[in-house]
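Remarks on the overall topology
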Amino acid sequence: MRLSYIDYHTCGEPVRIVTGGYPELTGAGILGKRRQAREQHDHLRRAMMLEPRGHDGMYGVIPVAASHPEAAFGVLFTHNEGYSTMCGHATIALGRYAIEQGLVEATAPVTLFAIEAPCGLVRLACEVEGNKVGNVSFESVPAFVEARDLSVEVPGHGQVITDIAYGGAYYCILPASRFGLDLMQTPVEEIVAAAGALTDKVRAGVTIKHPTEPDLGFLYGTIVTDEAGPGEDSFNLCVFAERQIDRSPTGSGVTARMALDHAKGLIPVGQSRRIRSITGGTFTGKVIAPVDFPAADAVTVEVGGRGYLAGEGSFVIEADDPLGHGFALPRRFAEIEG
């Protein structure tokens, strides 16, 4: 079996887009296609995301037929553990992919179109000069705060206070100091361990219900921030799925952060902010406007960045290869199957 792909990256975070060999998904609507991919074709996600073809930080996109009439196409987002509901860094790369691969017609100086993600319709604005796509921004689905000042007992850190916000996916958002850590000085593995422990505890003890779609009601990860003020550039580290580190500032995470800061009265409508990642990569975020949605203080947010082409090719999966559908390194030899 062969799977073809094109690789991009946004601020160093990979975007592996499947371009051939993947079965056609026939599920009802985008969420039905997501369930079908998870239940019937997950071995292909593993083959593309995990070793030997990928790694535990790989990220991917499966283009699908859209069910929304305004969308040029639909997308499913994949990672080391499964399928996310929204991905900003991948959306930014998809802006370039869609135009340069002819899925949408290029119009200079800005090409406008929409894609259908599992979380809903996402509108893109892509700068075009000649045959090249530059900066890409997208307008989020409704973003809002789920919980404020939630107290969680985290092993090794005691009672930790966190907020939870939604930007296409749900995140715990808190400064590293709440763990007794320093985002800029503490070793990254310690921050990842703390963030992962908080995610585990919230997933186990807090029920999250999305206002309109049950499939979207789960905590995706934790975003650990610095202490920068609302008018300053800020660094953050997003730890999602199974302790996967986002190399980018996290588009849906920037959306959630902006919605949270707006709800706290820190960021007014129209004010831009730069959020930076562990690679130094930068996204911009701006609250566009309040939106009518069954969640308090819901807003739409614009996030912008730039994607880069990294390669293309095809993968082979031999029928008799015991590791052909991917593997993640076990933590101990006793976990080896067979």
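Above this text sits the structure in question.
1. Observations concerning the overall build of the chain
In terms of regular secondary structure, the chain is built from five helices and 18 strands. Relative to the globule expectation of 20 Å for 338 residues, the C-alpha radius of gyration of the chain, 19 Å, shows essentially globular dimensions. If one aligns the C-alpha atoms of the chain with their principal axes, the spans along those axes are about 55 × 50 × 35 Å. Counting the 338 residues in the chain, one finds 53% classified as buried. Taking contacts inside the chain between residues at least 6 apart in sequence as the whole, the part at least 24 apart equals 62%. Per element, the accessible surface of the chain, about 14500 Å² overall, is 49% carbon and sulfur. The distance from the centre of the 28 positive side-chain charges to the centre of the 41 negative ones in the chain is 1 Å.

2. Concerning the pairing of strand β3 (residues 60–64)
Taking burial as the measure, the five residues of β3 include four buried ones, the bulk of the element. Alignment of β3 against strand β4 (residues 73–78), held across five bridges, turns out to be antiparallel. Bridge pairing links Val 61 to Phe 77 in β4.

3. Some words on the pattern of salt bridges
One pass over the structure, following the stated rule, counts 12 salt bridges. Among the ionic pairs, Asp 233 bridges to Arg 274, the shortest N-O distance being 2.9 Å. Of this pair, Asp 233 sits in the loop between β12 (219–225) and β13 (234–240) while Arg 274 sits in strand β15 (residues 272–276), placing them 41 residues apart in sequence. According to the relative accessible area criterion, Arg 274 is partly exposed, its value standing at 38%. Measuring nitrogen to oxygen at the nearest pair gives 3.2 Å for the salt bridge that ties Asp 261 to Arg 273. Separated by 12 residues along the polypeptide, Asp 261 in helix α5 (residues 251–263) and Arg 273 in strand β15 bring together distant segments of the chain. Arg 273 carries the same exposure label as Asp 261, and that label is buried. Because the salt bridges share partners, they merge into one network encompassing Arg 331, Arg 332 and Glu 335.

4. Points about the layout of surface pockets
In this structure, the largest pocket encloses a volume near 750 Å³. Looking at the lining of the largest pocket, the elements with two or more residues in it are α2 (42–49) and β14 (244–245). Grouping the constituent residues of the lining of the largest pocket by class yields nine nonpolar, six polar and 10 charged.

5. Comments concerning α2
Among the residues of α2, Leu 44, Arg 45, Ala 47, Met 48 and Met 49 are the ones counted as buried. Structurally, α2 contributes buried residues whose contacts are with β1 (2–10), β2 (13–20), β3, β4 and β5 (83–84).

6. Description of the packing of aromatic side chains
Going through the model one piece at a time under the given rule, you end up with 10 aromatic pairs. Grouping aromatic residues by their ring pairs yields a cluster made of Tyr 59, Phe 77, Tyr 171, Tyr 220 and Phe 240.

7. Looking at the environment of Asp 321
Structurally, the position occupied by Asp 321 is in the segment after β18 (307–316). Looking at Asp 321, its side chain comes within polar contact range of the main-chain nitrogen of Leu 323, at 2.9 Å.

8. Focus: the environment of Lys 264
In this fold, Lys 264 is placed in the loop between α5 and β15. Once the C-alpha coordinates of Lys 264 and Val 145 are considered, the two residues, 119 residues apart in sequence, prove to be 9.6 Å apart. Excluding anything up to four places from it in sequence, Lys 264 contacts Arg 148 and Asp 163. At 2.8 Å, the side chain of Lys 264 and the side chain of Asp 163 are in polar contact.

9. A few points about empty space enclosed by the protein
Per the stated rule, a full pass over the model turns up two cavities of 30 Å³ or more. Looking at the largest cavity, its volume works out to about 70 Å³. Along the wall of the largest cavity there are 14 residues; nearest its centre are Cys 87, Tyr 171, Tyr 220, Asp 246 and Thr 250. Along its surface, the second largest cavity is lined by Gly 196, Thr 199, Asp 200, Arg 203, Tyr 220, Gly 221, Val 239, Phe 240, Ala 241 and Arg 243. At the level of secondary structure, the elements contributing two or more residues to the lining of the second largest cavity comprise α4 (188–205), β12 and β13. Top contributing element to the lining of the second largest cavity by residue count: α4, with four residues. When grouped by side-chain class, the residues that make up the lining of the second largest cavity number four nonpolar, three polar and three charged.

10. Points about the nonpolar core
Ranked by size, the top nonpolar core spans 102 residues in total, and within it Tyr 22, Phe 77, Leu 94 and Phe 113 carry the most contacts. Dropping the residues within four chain positions of it, Leu 94 is found in contact with Ile 17, Val 61, Phe 73, Val 75, Phe 77, Phe 113 and Ile 115.

The rules behind these values
Counting starts from 1 at the beginning of each chain's written sequence and moves along it residue by residue. Only residues with pLDDT of at least 70 get local features here, since the model is predicted, and only at 80 or more are side-chain atom pairs given and counted; chain-wide, interface and lining totals rely on the full set of residues. To get the side-chain values, all heavy atoms of the structure are used, and hydrogens and water are removed first. Where helices and strands are cited, they refer to DSSP runs of H or I of at least four residues and of E of at least two residues respectively, numbered from the N terminus. Computation of the radius of gyration draws on C-alpha atoms, with the globule rule given as 2.2 Å multiplied by the number of residues to the power 0.38. Remark: exposure states derive from per-residue accessible area (1.4 Å probe, protein chains only) relative to the maximum for the residue type, with buried under 20%, exposed over 50%, and partly exposed in between. Contacts: residue pairs with any heavy atoms within 4.5 Å of one another. For accessible areas, the Shrake-Rupley method is used with a probe of radius 1.4 Å. Any residue's cover is judged against the shown protein chains and nothing else. In this tally, Lys and Arg are treated as positive and Asp and Glu as negative; His is ignored, and so are the chain termini. Every charge is mapped to an atom, namely NZ of Lys, CZ of Arg, CG of Asp or CD of Glu. Strand pairing follows a simple DSSP-based rule, namely that at least 2 bridges must link the two strands. For this document, the term salt bridge refers to a Lys or Arg side-chain nitrogen within 4 Å of an Asp or Glu carboxyl oxygen. The distinction between a cavity and a pocket rests on a 1 Å grid over the protein atoms alone: a 1.4 Å probe fits inside a cavity but cannot get out, while a pocket stays open yet meets protein on both sides within 12 Å along at least five of seven lines, and a residue with an atom within 4 Å of a point counts as lining. Grid points are joined across faces, edges and corners, and a volume is the space filled by probe spheres set on the points. Polar here means any residue outside two lists: the nonpolar Ala, Val, Leu, Ile, Met, Phe, Trp, Tyr, Cys and Pro, and the charged Asp, Glu, Lys and Arg; Gly therefore counts as polar. Whether two aromatic rings pair depends on their centres lying within 6.5 Å, for rings of Phe, Tyr and Trp, where Trp uses its six-membered ring; planes under 30 degrees apart make the pair stacked, over 60 edge-to-face, and the rest tilted. Between N or O atoms, a polar contact is any pair within 3.5 Å; within protein, one atom must be a potential hydrogen donor and the other a potential acceptor, and residues adjacent in sequence are included only when both atoms are from side chains. Here, the term nonpolar core denotes a set of buried Ala, Val, Leu, Ile, Met, Phe, Trp, Tyr and Cys residues that are joined through side-chain atoms within 4.5 Å.

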